[in-house]
Amino acid sequence: MSNNNNPEQERASIYLEDGDGSGKDEEEKREVDDGFQDEITANSSTAAPSTSTRNTAGPRRTASAASGQGGGTQQQSSSKSEKEKNPLFKDVEQTGKWGSISKREVYGIGAAVLLVIIAVIVVVVVMTGNSGGSSEPDEPRATAAPSFSPTEGPPSSPEERMEALRESVAALPVLEPTLELLPDDVSFYEGKSSDAAADPVVRAASWVIFDDPASVRVDSGWLEPRFGLAVIYYAMGGDDWTNKDNWLGGDIVCEWHGVECNRFQEHIEEIDLSANNLVNSIPDQINIIQDLRSLLMSRNSISGQIPGLAIGSLPKLTILYLNENELSGVIPTDLTTNGVISTLYLQKNNLAGSFPRPFCPPFADEPLPVPNLGLDCEDGKVFCTCCNNEQYEQSPCF
C-alpha cells in the first residue's frame, strides 16, 4: 500500500479491506481521510516543485525586491533614465533654460519660425492666384501690354473706343496737336475710313472705332497700336504698297506684313517696311506705338522732314533705318532724345545743314553717342563738326 503511487486508490483499498466498508466508525474514517489529505499535499509539493515555487516564491521575491533589493533596482532605473535624458531637456527642467536660451526665448523663436512659414504660404497662394487670373494689364492704355487675342470678351462700343483713343492720345505730349483732329462726337467718324479726302488720322480713328474687323476691347492694349499702324497705312499710300498682306484685317497685328511682335505677342517691337513703295512723310502718330524698338523704312520714296521728336521720344527705339529715301531739311537735334538709339542710317537723302552737335562726343577721345551712324557728310550737303577728327578715322559718313 505504501508503494501505491495513487493515494486515492490506496484509501479505497483500505475501505475495501474493512469488509463491507462499515466496520470503522466515523471517527476512524475522518482520521484516515485526514492522513491521506496530508499525504496528497506532501506528494503534490514533491511532484510539482516548479508550481509551488511560482505560487509561493514569486510573491516572496516581489516582497523581497520591494524591501531588500528595491533600493538597488530603483537606483539603476533612475541612473539609466538620467543617462538617456537629453542634457538640453534636463537643463530646461532644472534651470528653465535650454542651454543658454531661456524658455521665453525658445517660445519666441518658435513663434517667429511659425510666422515665416505662414508668410511663405500666403505668398505662394497669392502668386498662384495671380498667375491664374486675368491677363489684362493695369497700366495706362498708352503703355499697356496687350493680351494675345484682341477679341477676348465682349467688344467695346464705338463710344468706348472713341473715348479710350482720345485719352491715350492726350496722355502723350508729342501727340497733343492730334487731339484737335479727334472731336468728342462718335457720329463724326462714321464712314470716314473709306473717304480718301479725309485726314489720315481721322480715317484711322474711324477704322478702329467702327470698321476694324477685330472689334478690339478698349482694355486689350491693342486699340492704340492698331490706330498707329492704320495712320501709317493711310498716310503713306498703303493701298499701293508692294506688300500689304493682312493690313487692316481682323488678324492680330503681329500677322501683318513687316510687323514683328515680342516673343509672347504682347506688343509690337519692329516695323520693317523697307523697299515697299512707301510715299509721303512719316506721321507723328507713330509715337503711339510706345514699345517700338526698330523702325526700318529704307529704300522707299519717303519725303518731307524727319519727325525728330515723335521718333526720338520713343522710349525703346534703338534702330532707325531711313536711308535711301527723299527726306529733306536738317537733321533734327531731338532725334536721339530717348538716349538709347544706337543705329541711325540717314545716308542717300536730301538732308542739309549742320551735323547735330548731340551726335558728336563732348571730347574727341570719347565714343560717339550713336555708335552706328550713316550720314552724307562728305559731299558738302551736311557740315560735320566731328567727322574729320582723328578719332573718327573710320568716319560714320557714307
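On a predicted model such as this, the values are computed, not experimentally measured, just so you know.

**Concerning unusual backbone geometry**
A positive phi angle, near 60°, is found at Leu-248, a position not held by glycine. With respect to the helices, strands and loops of the structure, Leu-248 is situated in the loop between helix 8 (223-235) and strand 3 (259-261). Even without a glycine there, the phi angle at Arg-299 is positive, about 60°. Take Arg-299: it is sitting in the loop between strand 6 (294-296) and strand 7 (301-304).

**Considerations on helix 8**
With 13 residues, helix 8 ought to run about 18 Å at 1.5 Å a step, and its terminal C-alpha atoms sit 18 Å apart, in line with that. Of all 13 residues in helix 8, 13 are buried; the element is thus mostly enclosed. Following helix 8 by one or two positions, Gly-237 adopts a phi angle in the positive range, close to 70°.

**Quick word on the nonpolar core**
As a rule of thumb, nonpolar side chains are buried together in soluble globular proteins. Counting 70 residues, the largest nonpolar core has Phe-227, Leu-229 and Ile-268 as its most contacted members. Going through the elements one at a time, helix 6 (158-170), helix 7 (200-211), helix 8, strand 3 and strand 4 (268-272) are the ones with two or more residues in this core. With nine residues, the single largest contributor to this core is helix 8. If we skip the residues at most four places from it in the chain, Leu-229 touches Trp-247, Val-253, Trp-256, Val-259, Ile-268, Ile-271 and Ile-289.

**Remarks on the packing of helix 6 against helix 7**
For any two helices packed against each other, one specifies the inter-axial angle together with the distance between the axes. Two elements in contact, helix 6 and helix 7, have axes whose closest approach is 8 Å; the angle formed by their N-to-C orientations is 145°. Crossing of helix 6 against helix 7: the hand is right-handed. Mapping the contact onto sequence places Pro-158, Arg-161, Met-162 and Leu-165 in helix 6 and Ala-205, Val-208, Ile-209 and Phe-210 in helix 7. Taken together, the residues of the contact of helix 6 with helix 7 break down into seven nonpolar, no polar and one charged.

**Here we look at the pairing of strand 4**
With three bridges joining them, strand 3 and strand 4 adopt antiparallel strand pairing. If you follow Val-259 over to strand 4, its bridge partner there is Ile-271. The hairpin formed by strand 3 and strand 4 contains six residues between the paired strands, and Gln-265 there has a positive phi angle of roughly 55°. Across three bridges, strand 4 lies against strand 6 in parallel orientation. When the sheet's bridge partners are listed, Glu-270 is paired in strand 6 with Ser-294.

**Quick look at the packing of aromatic side chains**
Centre-to-centre distance and the angle between the planes together describe a pair of aromatic rings. This structure, assessed with the given rule, holds eight aromatic pairs. Taking the centre distance of 5.7 Å and the plane angle of 85° together, the rings of Tyr-233 and Tyr-234 count as edge-to-face. Overall, Tyr-233 belongs to the buried group, its relative accessible area being 7%. You can call Tyr-234 buried: its relative accessible area is 15%. Taken together, the ring pairs in this structure connect Trp-207, Tyr-233, Tyr-234, Trp-241, Trp-247 and Trp-256 into an aromatic cluster. The cationic tip of Lys-192 hangs over the ring face of Phe-188; the distance from NZ or CZ to the ring centre is 3.7 Å.

Conventions used here
- Residues numbered from 1 in each chain as written.
- Predicted model: local features only at pLDDT ≥ 70, side-chain atom pairs only at ≥ 80, totals over all residues.
- Heavy atoms only, no water.
- Helix = DSSP H or I, 4+ residues; strand = E, 2+ residues; numbered from the N terminus.
- Expected span 1.5 Å × (residues − 1).
- Buried < 20%, exposed > 50% of the residue type's maximum accessible area, 1.4 Å probe, protein only.
- Core = buried A, V, L, I, M, F, W, Y, C linked by side-chain atoms within 4.5 Å.
- Contact = heavy atoms within 4.5 Å.
- Axes fitted to C-alpha atoms, helices over the stretch in contact; angles between N-to-C directions.
- Left-handed = near helix turned anticlockwise from the far one by under 90°.
- Nonpolar A, V, L, I, M, F, W, Y, C, P; charged D, E, K, R; others polar.
- Pairing = 2+ DSSP bridges.
- Phe/Tyr/Trp six-rings, centres within 6.5 Å; stacked < 30°, edge-to-face > 60°.
- Lys NZ or Arg CZ within 6 Å of the ring centre and 35° of its normal.

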